[in-house]
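# Architecture and fold: a report
So you can see what is in the structure, the chains are spelled out below.
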Amino acid sequence: MRLRMSSMIFGGAVSLATLVLLYQVLSLPPETHPPREEKDILSLESRLQRLESDIKSNQHTISEIKSLVRQLANSNSRANSLLGPQYGVVSGKKFARSSINAVNIAEVPGLDLPHRSSPVPVHYNLTYAAVMQDDCIFAQSGPSTADIQMEAVYTLLEFDNPDGGAWKQGWNIKYDAAQWSSEKKLKVFIVPHSHNDPGWIKTYEHYYSDQTRHILDNMAEKLPQDQRRKFIWAEISYLSMWWDQQPESIRDTMRRLVDRGQLEIVTGGWVMNDEANTHYFAMLEQMVEGHEWLKLNLGVKPNNGWAIDPFGETPTMSYLLKRMGLENMLIQRVHYSVKKHLAREKSLEFKWRQAWDSGSTTEIFCHMMPFYSYDIPHTCGPDPKVCCQFDFRRLPGSGVTCPWRVPPQPISDVNVESRSKLLLDQYRKKAQLFRTNVLLVPLGDDFRYVRPEEWDNQFMNYQKIFDFLNSQEELHVEAQFGTLADYFRAVHEESDSPGGEEQEVFPSLSGDFFTYADRDDHYWSGYYTSRPFHKNLDRVLEGYLRGAEILYSVMLGTQSMMGKIFPELTDSLMARMVMARRNLALFQHHDGITGTARDHVVVDYANKLLRSIDNCQHIIQQATHYLLSIDQLSYVSDPGAVYYELGEKYTEHNKIASKMVLGLQDGSSVPVVIYNPDSHHRRELLTIRTSNMYHISHLQIVGKKEMPAPCQVDPVFIHSGEASHTMFDVTFLVDAPALSLTTYTIKAVEPSRVNSELVSYAKVIVRSMVAPSVPSIFTVSEEKSKEPFTLHNEHLQATFRSSGLLQSMTTQGHTAPVSLEFIKYGVKNHRETSGAYLFLPDKEAELIPVGQAGVVLIQGPIMSTVSTQLKHILHMVKIKNSPGVDGMGIDISNLVDITVERNFEFAMRLNTEIKNDNLFYTDLNGFQIIKRVRYSKLPLQANYYPVPSQAFIQDKDNRLSLLCAQPLGGASLKSGQLEVMMDRRLTQDDNRGLGQGVLDNILTPNTFRLLLEPRINAKESGSSHEGLAAFPSLLAHAGVHSLLYPLYSLLPTAKTGPMQSSWDVGGTLPCDVHMVNLRTMVDPPRATVGHNSHLTPHPPGSISSLTLHRLGFDCGFKSPGLSCSTNGGKVRLSELFPNMFSEQVHQMSLSMLYEGVDMTKSYTLSLQPMELYTFRLIRS
Ligand SMILES: [Zn+2]
């Protein structure tokens, strides 16, 4: 196996090198038009030169490949299979950027502002990404060729719901007992488990103290009593909390249980994460947190995924598990019709493949549980009435009963035969749904095995059944307790055996499992939106955590390079980081970010998120202070000090962020630091709130090299109709290198010393309302007209109805109607109604009449804002005159408040003339795009899908994308329409265990960017929608990144002191490569001895993990506002980090458990589209 893999990689590397050579020869710059012969000679000469240089570089390449192959032969085989076909190392030569067609990447020229009182649009030279033609091939290539495509399954299914009898959602299963023999036995693995939600009805801490700690205590006692007993555990958040309170002897017991295979850690994430609303940054983070803990404490690497409760499943999860080195996974909550279909086809076990993978390298073996639930009545076989009798937690007198009214009986010598045969009948029926003779029977439920008697009752009664069954030769069955690993091992043994080449035994499958329905028309699409305030807060924390991780790692890297570490600083900041990591991880739980926990639990999560944001802000400002310090060697650290305030503060769990105000006084000069956490150069507008208008007319913004920057001053409205006289918003263009800190100084200077043309004051224009009171520096006018009005910048134009709602857009010379409206849904007047999980609308949405709303228009040369206060919403649209990506779309920010309503669901809808028919696209976890088909055979709520970061509709001419700063639910319910749900308020419970409605709504921010992109070459055929996979444009990718990872402003405090004006990491990444994270790994706890002895629980280690994602993108659209280039996914870490980390680099599995190839920093990596890569960097 190992040899085969190595040679495959060798082959891959060689052919990649060949491809690169070809590319270099073929991609000469386009020639101008000299005479034909001269042209030929010139061309030949140029090719000769090129070939000469290629020969030199290829000698280098070959030696690199040789050394790589030597390493591959030596490296561990698990890592090989991770790194294999998608990995390539090519020429060490710097990849020739000059070979890319030249594109305008000009600097911003002098700005033209003729007269301050009549603002004229500021002009910029627009830049475009330089895209290498070969990089377009991936998105144009054919669809996945998986045996089962979920889209086709949906097309095929009738979604009828016939009564299947005992197995209500299935059929009456029959079997022939002769299919088993003494050579071919039915192998049954009973897998005991306990599902522990880290927060739901109770908080994480309360569940722990009431239930979970007893479960784990009992586990440590009961499992060692009999080596045949097995158990699996998933939630590392709980395990770590318990572990911290255990003596070393108990920890050793646990390690022995794991070593012996009695206890298996499944998935190994901090929580069992939600799969709809989560972003892959946080999914990865919560997995890495769990795996890092396991490595440090239990020394175990999980091999099997276990997701029994998330409400629908994403292929992003299967991809992450695969690239983390897991070999199998299990899922449960899938639409009952899909389960039934796959069960009929015996395809509940499949190799789950990514829709964009044209090969099979992303496949992971997946088991889908066949029945309604993961509880014991629904796991032994098709008849819950029978299965419930084998839940020995429900023995008479226990206080828990079977709803089917037949209680379990303790197993005795008298009844063992009849009871065993009754159960075996269920096992045999269930086995008919699978292709092997190996059967998985989970044995557990939520918070099970709390009391010691339950352990005894389950394990002892089942052991009697096993002993009986296994002793009856003619039954041809072998039953035992098992872990998930035992089960999957047996499945693979059988399917790998002669005559059963695994390739042919199990089908491949592509697609996802949304939207989940557990019964009837009960579609779980409500939780895509429930508690949107907290969903938004999640993304805010993700941005800050990523920003803090990266800046902390480069701070530590710089300290190492300088040869002076400040342990009191780095330890203290790491403690804050670990807290933030764990709180973010906790919230990824399937009752956290989903918004499906009780009110007080939601508050608990929110407070944890808030504290974490605060900690990340603290890390960012501390690291900034170190990196910008004049002399890093003589730096004096003060880990608690606040040197900078971030531009926004989150102070209360139920309040939107408040903006920090920069105190400006006459003559003051305040250096504001801008942190660009993106690994690409950015030009974007930034707004700083300043105080005091005392001499504001002499405001000056000074950037790099003392260059004054034009700025615009806007009034700040405190109540509608009244602007503040002491606060102003100052907006200017920031030009920030990749991963950098840049200073812009805000000065209040002598009138004679400032070019007043660089400062402009917004004009305030109101419609249908009384003119507000504003400071006299602004002009106010009333517009009586009821006609639509238009705003524009250099690159786009937006027309609004007199109500202030968008009517049409013009971008890149193309105009399209895009009419924005607000709609509402009510609830069905049934016994079963909408709640936190379920969306059960009464009928199609109703339009909310806008009436004659007052509109405030704040207009200026740099930015214009239209605000409308409607009944449930403050709706604001910004048009930014920026040469960056923020200038290429329309920014929409909604402040939603529906607390006056009952049973009310509130959505924003866009109506266009785009002919998308019944197709639209949504992302999965911000990682990939999936095609959605609207089916009239499904109810409205079934056509709602998660929109974790974007959705688009398109036809052959145009694409309209809605980029989202927070996850929400969305749909396209008619051709040309795109809608997104923004909040929901529901009076009643929806009978899924929560026991309450959703009535804790608060003022909630929803932020979007709307992009209208004309196709460069309209496709010939109508709407061309091949395959499941689709890709955003580079502009859309950059737009999402600018929403999730915005520029952060740091305002100095009294403690700041003199600082350097800028710092940057030194390198940048190609347009289509995103730095997911640069994360410092922790070491085991470190005890400091001596008179000042203390324990540092999470000291930073010397290793950082760098995760890169090569984005898949659609070349069919222009990429204005970008100034990067693509180059075939080539990355050299030595160029990205020229000044830090040692030469030694290892490629790793995604969660750092498996080592791959080792290489040097100067290798040229060749990243494949859509793939994620993790590298281990060591501080030098
Ligand atoms: Zn759960």
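Keep in mind that this is a model prediction, so the values were computed, not measured.

Cut-offs and rules
- Residues numbered from 1 in each chain as written.
- Predicted model: local features only at pLDDT ≥ 70, side-chain atom pairs only at ≥ 80, totals over all residues.
- Heavy atoms only, no water.
- Donors = N, O, S within 2.8 Å, 3.2 Å for Na, K, Ca; no water.
- Tetrahedral: all angles 85-135°; square planar, octahedral: opposite > 155°, others 65-115°.
- Helix = DSSP H or I, 4+ residues; strand = E, 2+ residues; numbered from the N terminus.
- Buried < 20%, exposed > 50% of the residue type's maximum accessible area, 1.4 Å probe, protein only.
- Axes fitted to C-alpha atoms, helices over the stretch in contact; angles between N-to-C directions.
- Parallel < 35°, antiparallel > 145°, perpendicular 65-115°, else oblique.
- Left-handed = near helix turned anticlockwise from the far one by under 90°.
- Contact = heavy atoms within 4.5 Å.
- Disulfide = S-S within 2.5 Å.
- Salt bridge = Lys/Arg side-chain N within 4 Å of Asp/Glu carboxyl O.
- Pairing = 2+ DSSP bridges.
- pLDDT = per-residue confidence, 0-100.

### Re the coordination of the zinc ion
- Summarising the metal site, the zinc ion is bound by the protein donors His 195 (NE2), Asp 197 (OD), Asp 309 (OD) and His 590 (NE2), whose distances to it range over 2.0 to 2.1 Å.
- What the 4 donor atoms of the zinc ion show is an angle range of 90 to 165° at the metal, which sorts the shape as irregular.
- Sequence positions of the residues that donate to the zinc ion give the spacing H-x1-D-x111-D-x280-H. Placement of His 195 in strand E3 (residues 186-195) and of His 590 in the loop between helix H18 (567-587) and helix H19 (599-627) is noted, with a sequence separation of 395 residues between them. The same class applies to His 195 as to His 590, namely buried.

### Structural notes on the packing of helix H6 (residues 204-222) against helix H14 (residues 452-471)
- Taken N-terminus to C-terminus, the directions of H6 and H14 make an angle of 50°; their axes are 9 Å apart at the nearest point. Judged by the angle between their axes, H6 and H14 are oblique. Where H6 crosses over H14, the two elements pack in a sense that is right-handed. Of the residues in H14, those in contact with Ile 215, Asn 218, Met 219 and Lys 222 of H6 are Pro 452, Trp 455 and Asp 456.

### Focus: the state of the cysteines
- Going through the model one piece at a time under the given rule, you end up with 4 disulfides.
- Here Cys 136 engages in a disulfide with Cys 1115; their sulfurs sit 2.0 Å apart. Every disulfide takes its handedness from the sign of the S-S torsion; for Cys 136 and Cys 1115 that torsion is -85°, giving left-handed. With a gap of 979 residues between them, Cys 136 in the loop between strand E1 (89-90) and helix H4 (137-140) and Cys 1115 in the loop between strand E51 (1100-1110) and strand E52 (1130-1132) connect regions that are remote in the sequence.

### So, the pattern of salt bridges
- Taken as a whole, this structure holds 63 salt bridges when the rule is applied.
- A salt bridge links Arg 448 to Asp 391, with the shortest nitrogen-to-oxygen separation between them at 2.7 Å. With Arg 448 in the loop between strand E10 (438-446) and H14 and Asp 391 in the loop between helix H12 (384-387) and helix H13 (416-431), this residue pair connects regions lying 57 residues apart in the sequence. Judged on exposure class, the residue Arg 448 and its partner Asp 391 are both buried.
- For Arg 959, the salt bridge is made with Asp 1114, and the minimal N-O distance between the two is 3.3 Å. Within this pair, whereas Arg 959 is found in strand E41 (residues 958-964), its partner Asp 1114 is found in the loop between E51 and E52, the two being separated by 155 residues in sequence.

### Points about the sheet that holds strand E54 (residues 1155-1160)
- Strand order in the open sheet formed by 5 strands is E48-E51-E56-E53-E54, with antiparallel pairing between adjacent strands. Taken across any chain shown, the strands that pair with only one partner, and hence form the sheet edges, are strand E48 (1073-1082) and E54. Within the sheet, the average angular offset between the axes of one strand and its neighbour, ignoring direction, is 25°.
- Taken together, the 4 bridges between strand E53 (residues 1144-1148) and strand E56 (residues 1172-1178) define a ladder with antiparallel strand orientation. If you follow Met 1148 over to E56, its bridge partner there is Thr 1174.
- Running over the sheet, H18 touches E48 and E51 and is turned about 115° from E48.

### Description of the confidence of the model for the chain
- Confidence in the prediction of the chain, expressed as mean pLDDT, is 89, and 87% of residues score 70 or more.
- Confidence drops under pLDDT 50 across residues 1-39; counting only partners more than four residues distant or on other chains, this segment forms 52 contacts.
- In this model residues 64-120 is a low-confidence stretch, pLDDT under 50, and it forms 152 contacts with partners more than four residues away in sequence or in other chains.

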